[in-house]
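Chains, contacts and geometry: an overview
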Amino acid sequence: MKNRAKEKNKKIDTKDKNILNLDNEIIIGIKSLPKVQKNTKQSQEKKKKNNPNKTENSKKKKANNRTKQGVIQENRKRKAKKKIQNDDVELRLGIEDEIYKETSKKKQVKKKPKLTPKQQEIARKKRKIIFRLIKWTSLVVLLIGGGIYFLLSSFFNIHNIVVTGNEKITPEMIISLSGIELEKNTFKVSKSEVEQAIKTNAYIDSVKIKRKLPETIEIQITERKPVYMLTLGNAYVYMNTQGYLLEISLEKLKAPIITGILTPEEQIQEGNRLCPEDLQKLSSVIQIMDSANNNEIGELITKINISDKQNYILELKSEKKNVHLGDTSNLSTKMLYIKKVLQNEKKKEGDIFVNTDLSTKGAIFREKV
């Protein structure tokens with residue numbers, strides 16, 4: 001028994017010693033760690049000195065490992081980006097699917113309630129009306145389109161141009177002014193444009209264009225007629241009763257010459273008109289000429305001076321007399337007095353005055369000495 005107790009005590013002592021030794025070793029190891037690192041560094045430096053080839057190989061291996069790691073990291077990054085993109089696409093597709101579902105739900109027509117027989121009949125009638133409207137409108141459109149196509153076809157091309165009502169201006173001149181061409185579709189000719197083009201001639205008073213289908217156009221003309229004349233240097237300006245200046249020519253017409261006008265010479269051109277004051281006096285001249293023609297004196301009048309509207313002067317060249325008419329009052333009685341003087345004083349040169357009081361003095365003739 002004692003031996004067993006001793007053995008036990010020995011075992012316990014050895015265990016304690018071992019524990020103490022382990023503690024000491026741990027403590028010693030902890031204290032000696034930096035020394036070991038120093039020794040390892042020194043040993044590594046020694047090894048590098050001893051075998052430099054191994055160090056270079058290790059560097060190359062490290063560099064290769066680094067490049068491999070970089071490639072692996074790049075591949076990982078690319079895969080991560082692709083995953084992110086795929087996730088974004090999936091999210092977008094999911095959102096779009098949800099939006100599409102929502103819109104499709106909104107668009108889904110609710111189930112209509114069943115219509116009554118009366119409502120069905122009304123709907124049927126509405127459909128019939130709509131169908132008829134579509135049918136008739138389509139027919140009208142087709143007819144209009146076909147009509148336009150037919151009207152613009154060569155069947156309605158112009159082959160003849162007829163000019164009527166012209167006296168002074170030749171038909172060829174009127175056609176050239178109109179700009180109408182043969183073999184042109186008659187419906188492509190603008191009437192208003194043709195009328196305006198022809199009216200550029202001073203002799204043209206009015207124009208009417210008529211289409212005589214299928215191939216003829218008629219141009220109806222009314223001309224202005226020269227009734228009076230103005231003098232412009234050695235030339236004569238033809239004028240109508242409306243004061244339009246029609247033509248400047250060296251040829252003298254059998255018409256009275258109007259003198260004493262206020263219209264400036266710059267405005268005396270073909271197509272122009274007299275100034276307003278001269279137009280007012282021209283209306284008085286027309287009255288005088290009408291009264292003279294009624295008393296068979298109009299052909300004797302060669303000139304009319306309108307400078308003074310209170311005293312118009314008439315020149316009777318063939319009778320060698322000048323008539324001081326005064327204003328346009330009592331024209332019929334004045335013309336009778338003039339007619340008597342002309343009968344009594346034939347072949348005598350002088351002046352006839354009827355611008356006085358006719359009730360007391362009547363007409364006065366003063367022979368030229």
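Structural data are supplied above this passage.
Everything numeric in this text was worked out from a predicted model, so none of it was measured.

Rules behind the numbers
Per chain, residue numbering runs from 1 following the sequence as it is written. Only residues with pLDDT of at least 70 get local features here, since the model is predicted, and only at 80 or more are side-chain atom pairs given and counted; chain-wide, interface and lining totals rely on the full set of residues. Excluded from the side-chain calculation are hydrogens and water; included are all heavy atoms of the structure. In the cavity and pocket records, a cavity denotes points on a 1 Å grid over the protein atoms alone where a 1.4 Å probe fits but cannot get out, a pocket denotes an open set with protein on both sides within 12 Å along at least 5 of 7 lines, and lining residues are residues with an atom within 4 Å of a point. Grid points are joined across faces, edges and corners, and a volume is the space filled by probe spheres set on the points. Counting from the N terminus, the helices are the DSSP runs of H or I reaching at least four residues and the strands are the DSSP runs of E reaching at least two. Amino acids are sorted into nonpolar (Ala, Val, Leu, Ile, Met, Phe, Trp, Tyr, Cys and Pro), charged (Asp, Glu, Lys and Arg) and polar (every other residue, Gly among them). Only protein chains enter the calculation, and the probe is 1.4 Å; a residue is then buried if its accessible area is under 20% of its type maximum, exposed if over 50%, and partly exposed in between. In what follows, a contact means two residues having at least one pair of non-hydrogen atoms within 4.5 Å. The nonpolar core is taken to be a set of buried Ala, Val, Leu, Ile, Met, Phe, Trp, Tyr and Cys residues, with the residues joined through side-chain atoms within 4.5 Å. Axes here refer to lines fitted to C-alpha atoms; in helices the fit is confined to the stretch in contact. Angles between the N-to-C directions go from 0 to 180 degrees. Oblique is the label for every angle not falling under 35 degrees (roughly parallel), over 145 degrees (roughly antiparallel), or within 65 to 115 degrees (roughly perpendicular). Definitions for this section: a left-handed crossing has its near helix turned counterclockwise from the far helix by less than a right angle. A right-handed crossing has that turn clockwise. Here a Phe, Tyr or Trp ring, Trp counted by its six-membered ring, pairs with any other such ring whose centre lies within 6.5 Å, and the pair is stacked when the planes are under 30 degrees apart, edge-to-face when over 60, and tilted otherwise. Note on criteria: charge over ring means Lys NZ or Arg CZ within 6 Å of the ring centre, with the direction from the centre no more than 35 degrees off the ring normal.

Remark: the empty space left among the atoms is shown by a probe the size of a water molecule rolled over them. Quantified by volume, the largest pocket comes out at close to 380 Å³. In terms of lining, the largest pocket is formed by 21 residues, of which the most central are Lys254, Ala255, Pro256, Ile301 and Thr302. Of all the secondary structure elements, the ones that give two or more residues to the lining of the largest pocket are strand 4 (228-232) and helix 6 (276-294). Looking at which element gives the most residues to the lining of the largest pocket, the answer is helix 6, with four residues. Counted by class, the lining of the largest pocket contains ten nonpolar, four polar and seven charged residues.

Turning our attention to the environment of Lys346. Within the secondary structure, Lys346 sits in the loop between helix 7 (331-344) and strand 11 (350-353). As a C-alpha pair, Lys346 and Lys320 span 26 residues in sequence and 9.3 Å in three-dimensional space.

As a further point, take the environment of Leu250. Mapped onto the fold, Leu250 is located in the loop between strand 6 (245-249) and strand 7 (257-259). Taking the relative accessible area as the measure of exposure, Leu250 reaches 68% and is therefore exposed. Taking the C-alpha atoms as reference points, Leu250 and Val237, 13 residues apart in sequence, are found 8.7 Å from one another. Each residue touching Leu250, except ones within four places of it in the same chain, is listed here: Asn234, Ala235 and Tyr236.

So, about the nonpolar core. Ranked by size, the top nonpolar core spans 31 residues in total, and within it Met239, Ile258, Val285, Ile304, Leu325 and Ile338 carry the most contacts. Elements that contribute at least two residues to this core include exactly strand 4, strand 5 (235-239), helix 6, strand 9 (312-316), strand 10 (321-326) and helix 7. Val285 has contacts with Tyr228, Ile258, Ile304 and Ile306, leaving out every residue within four places of it along the chain.

Running from N to C, helix 4 (residues 171-178) and helix 5 (residues 191-198) point in directions that differ by 125 degrees, and their axes come no closer than 8 Å. Comparing the axis directions of helix 4 and helix 5 gives the class oblique. Of the two possible hands of crossing, helix 4 and helix 5 adopt the one that is right-handed. Here Ile174, Leu177 and Ser178 of helix 4 come into contact with helix 5, specifically with Val194, Ala197 and Ile198.

In the structure shown here, the tally under the stated rule is two aromatic pairs. For the ring pair Phe155 and Phe156, a centre distance of 5.1 Å and an interplane angle of 90 degrees mean the geometry is edge-to-face. Both rings, one in Phe156 and one in Phe187, keep their centres 5.4 Å apart while their planes meet at 70 degrees; by these two values the pair is edge-to-face. A residue pair is termed long-range when its members are at least 10 positions apart, and Phe156 in the loop between helix 3 (117-151) and strand 1 (160-164) and Phe187 in the loop between helix 4 and helix 5 qualify at 31 residues. Above the plane of the ring of Tyr244 lies Arg224, whose end atom (NZ or CZ) is 3.9 Å from the centre. One Lys or Arg, Arg366, reaches over the ring of Phe353 and ends 4.8 Å from the middle of that ring.

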